[in-house]
Amino acid sequence: MSKQAKHWEKTRGLLFVTLAIWFVFSIGIFFFGAEMEASSFRPLGYPLSYYMTCQGSLGIFVILIFWFANRQEKIDEEFGYTEREDD
Amino acid sequence: MTKMIKGKFIDNLPKIYGIYTGGFLGFIILMAIAESAGMSAKLIGICFVAFTVGIYALIGYLSRTLQLDAYYVAGRQVPTVFNGMATAADWMSGASFVAMAGGIYFKGYGYMALLVGWTGGYVLVASLLAPYLRKFGCYTVPDFIGTRYGGNLARVSAVIVLTVASFTYVTAQINATGTIASVALDIPFGIAVYIGLASILICSMLGGMRAVTWTQVAQYIVLIIAYLIPVFWISNKMGAGFFPHFMLADEVARIAELESQFGLGTVKNSAADLATVPKGLAGITKAHSSVNATPWAFISLAVCMMAGTASLPHVMMRYFTTPSVKSARRSVGWSLFFIFLLYSSAPMLATLSKLSLMDPNLATGIIGKSISEVQALDWYQNWNQANLMFVSDFNGNGTLDLNEFFMGGKAVVLATPEIAGLPYVISGLVAAGGMAAAMSTADGLVLAIANALSHDLYYKIIDPKAETAKRLIVARVLLFIIGFAGASIAALEIQGILGSVIWAFDFAMSGLFFPLVLGVWWKRANAPGAVAGMLLGLASGTAYLIWVRNGGAGFWGVTQLTFGIVGSLVSLVSMVVVSLMTKAPDAATQRMVDEVRIPSGRTVLGKQH
C-alpha cells in the first residue's frame, strides 16, 4: 500500500470516530428526550434534556473539533504531509 | 503601498482590535453618563447605531483593494483565531441574535433543536469539507464544483443552488437590519430597509472579502458584548446568580411552576379573540423547559440545520481565507467557540426575560396585574406602537392573564432590557449588536452571490479573457444589484426572519451537501452525477416545500421547516445512481482528488485564476 493510501486510511478512520461521537450528541441522545428529562442526573440542577440542548452538546462539539484537528495534524505529521510554514 | 500597510496590519491585529474594544466600551460608558445627564432615549439609540455603522464603513473604506486574491479571499492571510471571529459574525445573523432567543421563548424545547443543529454542523464542516476545500485553492464554492467535476453545466448548477439558498437568507437579514433601524432611528420599515442596505454595501463594495473580513471581526466584538451584558446584568439584578449559565436551574423550575399556576395549555383562546391579535405576534403556549416535541421533530430539524451549515457557501468561503489547511481546520474550532459564547446564552436570556415578565413576585412582572396598569407602561406603549406587542382582556376579568399577552418573536431580545427595567443605554447597545449581527451576515451572503456570479458565471463562462480591472468592476456592479434586489424583496415581508433562514438551510442542504461531500470523499463521483444531484435535489426540495405550503399533507413528518431531508435524499440517490451509470472520472481528475486529500504541496488552483 502506498504512503498516500495509508495516510488516507488513517484519515478516514479518524473521520468515522469523529462522526460517531458527533452522532451520539447531536442525534442519538435526543431519541431519549423524555427519558433525559425524567433522569435524576441533573447537571447544575437543570433537567438533563434542557442542559444538553443549551450547553452540553454544544460544548462537546467545540472540544470535539479541537481534538479532531490535533489528531489529524498528528496523522499528517506521521506521513510527512505537514505544510511548510511559508506555504 | 497597500501591501506594506497590510503586512503591518496583520502583525498588529491583536493590538488594533484591543484598542477598538476598549474604545467601544468607553463609548458605552460615555452614553451611560449622557443618559444620566438627561440625553433622550431616542438620541442614544441613534448614536449607537450611527457610531458602530460608521466604524464598519471606515474599515470597509480602508480595506479597499484592486487585487483579485484580496477581493475574493482576503489574500489568504487571515490568522486562525481572527478568522474564527469573522466566521462567527458571518454565521450569527439577525436570526441568531434577534430571533433565536424569541423562538426558544415561545416554542421551548422544540426550537432548541436549532442550538444543537447550528453548532453540530461545524463538526461536519471541520471533518468533511473545510480543510479539503482550502487545499483546493478555489475562490468560490462553485469554483470547487466546476473544477472537481469539470464542465460548465456543473458550475452553473452550483451557482443556481448557491443563489437560491443565499438569496433566501439575505432577504431575512435585510429584513432584520430594517427592523432594528426602524425601531432605533424611528423611521418607517420600508425606508429603514434601504438604510440597512446602504450600510451593508459600504462595507463590502470597495474591498470585497478583505473588507468584509475586517468589518466582521469588528462586528463580532460589538455583537457579543451587546448580547452578554444584558444577560449578566438582568441575572444579577434579579438575584438569580452572578454567572447565569451555571445558576438558573431554580429560575427554570420556577417558570414551570408558574406555567401550571397560570393554566398554560388549559386555557385556550377562541378563534374570534385571536383574530383581534395583530399579525405576526405569538402568545406563550408551549412549556419553557420540558420536552414538548417528539424525538423525530427535534432530530429532523437539527439534522437539516447541521447539513445546511456544511453546505452554505458564505460560511465555507470564510475558510478559503486562512493561510494554510491546518489553520483552516483549527479555525473551524475557534468559530464554534465564539458561536458557543452566544448560543449558550440565548436560552438563559429567554429564561430571564420570561421570568421577569411572568413572576408576580418581581416588580417587572405583568401577568396578573390589571390590564389598564399594563397598558399604561411606557415600554408597552413603545412596542405596541411598533406592532410588536399586544395585550387584550379576552375574558373581561380586568387582569392580564398569560393567554392574553402577545409579542413578536423578534422583539424578545430587543425589548428585554426595557422589560427588565435596565437603563436605556443597554437597549441602544442591543440595537447596535443586532445591527452588527444582521449586517455581518448580509455582507457575507451578498458577497458570496456576487462572487459566484462574477467569477463563475461571468469570468469562467461568459468572458474568460476579461482583465482584472474589468472583473472587479463586474463583481461590484453585481454586488450592488443583488443587494438592491434583496432589499426590495425584504420590504415585502413575505416570511418572518427565522422562517426564511431555516428555509435557506434546507435549500443549501438539498442541492449542495452531497455534491460537496462526495466530491472529496468519493472518487467515483462524476459530473453527470453531481449535476443530477444538485438540480434534482433542489427541485424536489422546492416542490415539497410548495406542496406543504399549499396544504399538502407531507410524509414522514417532514414539515416546511425540514424539507431539506427530502431534497438531500433525492440528491444523494440521484447522484450515486447517475454517477455509476456513466463513465468514471478520468485519471487527471482522480489525481486531483488525491492531491486535495493531503495538506502539503501546492493548491490545485493557482493563486490568481
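Residues numbered from 1 in each chain as written. Chains lettered and ligands numbered in written order. Predicted model: local features only at pLDDT ≥ 70, side-chain atom pairs only at ≥ 80, totals over all residues.

S.K.: I'd like a description of the overall build of chain B, backed by residues and values.
M.R.: Along its length, chain B carries 27 helices and 3 strands. Relative to the globule expectation of 25 Å for 609 residues, the C-alpha radius of gyration of chain B, 24 Å, shows essentially globular dimensions. On the principal axes, the C-alpha backbone points of chain B span a range of 80 × 60 × 40 Å. For chain B, the proportion of its 609 residues judged to be buried stands at 58%. Long-range pairs, those at least 24 residues apart, make up 83% of the contacts in chain B with a sequence separation of at least 6. (Helix = DSSP H or I, 4+ residues; strand = E, 2+ residues; numbered from the N terminus. Rg over C-alpha atoms; globule rule 2.2 N^0.38 Å. Buried ≥ 20, exposed ≤ 12 C-beta atoms within 10 Å, placed from the backbone. Contact = placed C-beta atoms within 7 Å.)

S.K.: Please provide a residue-by-residue account of the overall build of chain A, values included.
M.R.: Looking only at helices and strands, chain A features 3 helices and 0 strands. The N-to-C order of helical and strand elements in chain A reads α-α-α. Here the C-alpha radius of gyration of chain A, 18 Å, is well above what a compact globule of 87 residues would show, namely 12 Å. Its C-alpha atoms put chain A at 50 × 30 × 15 Å along the principal axes.

S.K.: Provide a residue-level description of the sheet that holds strand E3 (residues 405–408) of chain B, including the pertinent values.
M.R.: Residues and elements named next belong to chain B. Read from one edge of the open sheet, 3 strands run E1-E3-E2, paired in antiparallel fashion. Two strands bound the open sheet, and with one partner strand each, they are strand E1 (281–283) and strand E2 (389–391). For this sheet, the mean inter-axis angle between neighbouring strands, taken without regard to orientation, is 25 degrees. Bridging between E1 and E3 involves 3 bridges; their strand directions are antiparallel. The residue of E3 that forms the bridge with Gly283 is Phe406. (Pairing = 2+ DSSP bridges. Axes fitted to C-alpha atoms, helices over the stretch in contact; angles between N-to-C directions.)

S.K.: Go over the packing of helix H21 (residues 411–419) of chain B against helix H22 (residues 424–462) of chain B, please, and point to the residues and values.
M.R.: All names here are of chain B. One can describe the packing of H21 onto H22 by two numbers: an axis separation of 9 Å at closest approach and a directional angle of 170 degrees. Between H21 and H22, the interaxial angle falls into the category roughly antiparallel. Residues Val413, Leu414, Pro417 and Glu418 of H21 form the contact with H22, whose participating residues are Ile426, Ser427, Val430, Ala431 and Gly434. Per-class residue counts for the contact of H21 with H22 are 6 nonpolar, 2 polar and 1 charged. (Parallel < 35°, antiparallel > 145°, perpendicular 65-115°, else oblique. Nonpolar A, V, L, I, M, F, W, Y, C, P; charged D, E, K, R; others polar.)

S.K.: Which residues make up the confidence of the model for chain A, and what are the values?
M.R.: In the predicted model, chain A carries a mean pLDDT of 90, and 97% of its residues have values of at least 70. When mean pLDDT is taken per element in chain A, helix H1 (residues 3–26) of chain A scores highest with 94 and helix H2 (residues 33–38) of chain A scores lowest with 87. (pLDDT = per-residue confidence, 0-100.)

S.K.: Summarise the environment of Phe338 of chain B; cite the residues concerned and give the values.
M.R.: Residues and elements named next belong to chain B. Relative to the assigned elements, Phe338 resides in helix H17 (residues 325–343). Under the C-beta neighbour-count criterion, Phe338 is labelled buried, with 22 such atoms within 10 Å. Residues Phe338 and Thr80, 258 residues apart in the sequence, show an inter-C-alpha distance of 12 Å.

S.K.: An account of the pairing of E3 of chain B is needed here, citing residue identities and associated values.
M.R.: Residue and element names in this part refer to chain B. Residues Phe405 and Met407 line one face of E3 and the alternating positions Phe406 and Gly408 line the opposite face, and both faces are buried. Examined bridge by bridge, E2 and E3 share 3 bridges and lie antiparallel to one another. Bridged to Met389 within E3 is Met407.

S.K.: Describe helix H10 (residues 189–205) of chain B, and please don't skip the residues or the numbers.
M.R.: Residues spaced three or four apart along an α-helix face the same direction, because each turn holds 3.6 residues. Between its first and last C-alpha, H10 of chain B extends 24 Å over 17 residues, near the 24 Å set by a 1.5 Å rise per residue. Next to the buried residues of H10 of chain B lie helix H3 (41–62), helix H9 (152–185), helix H11 (208–238), H22 and helix H23 (468–490) of chain B. (Expected span 1.5 Å × (residues − 1).)

S.K.: Tell me about the packing of helix H6 (residues 94–107) of chain B against H9 of chain B, and name the residues and values.
M.R.: Residue and element names in this part refer to chain B. Contact geometry of H6 with H9 gives a least axis separation of 10 Å together with a crossing angle of 70 degrees. In this view, H6 runs roughly perpendicular relative to H9, as classed from their interaxial angle. Of the two possible hands of crossing, H6 and H9 adopt the one that is left-handed. Counted together, Gly94, Ala95 and Val98 of H6 and Ala172, Gln173 and Ala176 of H9 form the full contact between these two elements. Within the contact of H6 with H9, the residues separate by chemical class into 4 nonpolar, 2 polar and no charged. (Left-handed = near helix turned anticlockwise from the far one by under 90°.)

S.K.: Pulling in residues and values, what's your account of unusual backbone geometry?
M.R.: Its identity is not glycine, yet Leu44 of chain A carries a phi of approximately 55 degrees, on the positive side. Residue placement: Leu44 of chain A occurs in the loop between H2 and helix H3 (48–78). The class for Leu44 of chain A is exposed, based on 11 C-beta atoms found within 10 Å. Phi angles above zero are rare outside glycine, and Trp556 of chain B is one such case at about 55 degrees.

S.K.: Can you lay out helix H26 (residues 564–581) of chain B for me, pointing to particular residues and giving the numbers?
M.R.: All names here are of chain B. Taking 1.5 Å per residue, 18 residues should reach 26 Å; H26 reaches 25 Å between its end C-alpha atoms and fits that length. Of the residues making up H26, those classed as buried are Gly564, Ile565, Val566, Gly567, Ser568, Val570, Ser571, Ser574, Met575 and Ser579. Buried residues in H26 make contact with helix H15 (295–311), helix H24 (497–521) and helix H25 (527–549).

S.K.: Can you explain the environment of Leu388 of chain B? Please cite residues and give values.
M.R.: All names here are of chain B. Take Leu388: it is sitting in the loop between helix H20 (378–385) and E2. On a C-alpha basis, the gap between Leu388 and Lys279 in space is 9.3 Å, while along the polypeptide they are 109 residues apart. Not counting residues up to four positions away in its chain, the partners in contact with Leu388 are Trp383, Met407, Gly408 and Ala411.

S.K.: Report on the nonpolar core, specifying residues and quantitative values.
M.R.: Nonpolar side chains in soluble globular proteins tend to be buried together. Core analysis: the biggest nonpolar cluster contains 238 residues, and Ile65 of chain A together with Leu223 of chain B have the highest contact counts within it. At 22 residues, H22 of chain B tops the list of elements feeding residues into this core. Setting aside its immediate chain neighbours within four residues, Leu223 of chain B contacts Ala89, Met92, Phe97, Gly433, Ala436 and Ala437 of chain B. (Core = buried A, V, L, I, M, F, W, Y, C linked by C-beta atoms within 7 Å.)

S.K.: Give a detailed account of the confidence of the model for chain B, specifying residues and quantitative values.
M.R.: All names here are of chain B. Per-chain confidence: chain B averages 87 in pLDDT, with 98% of residues scoring 70 or above. Least confident of the elements in chain B is helix H1 (residues 2–11), whose mean pLDDT is 60; most confident is H26, at 95. Interface confidence for the predicted complex, expressed as ipTM, amounts to 0.94; the pTM equals 0.91.

S.K.: Could you give me a rundown of the environment of Gly519 of chain B, with the residues and numbers involved?
M.R.: All names here are of chain B. Its place among the elements puts Gly519 in helix H24. A residue is classified by how many C-beta atoms lie within 10 Å of it, and Gly519, with 23 of them, is buried. Sequence separation of Gly519 and Phe144 is 375 residues, and the distance between their C-alpha atoms is 8.8 Å. Setting aside its immediate chain neighbours within four residues, Gly519 contacts Phe144, Ile145, Arg148, Tyr149 and Ala525.

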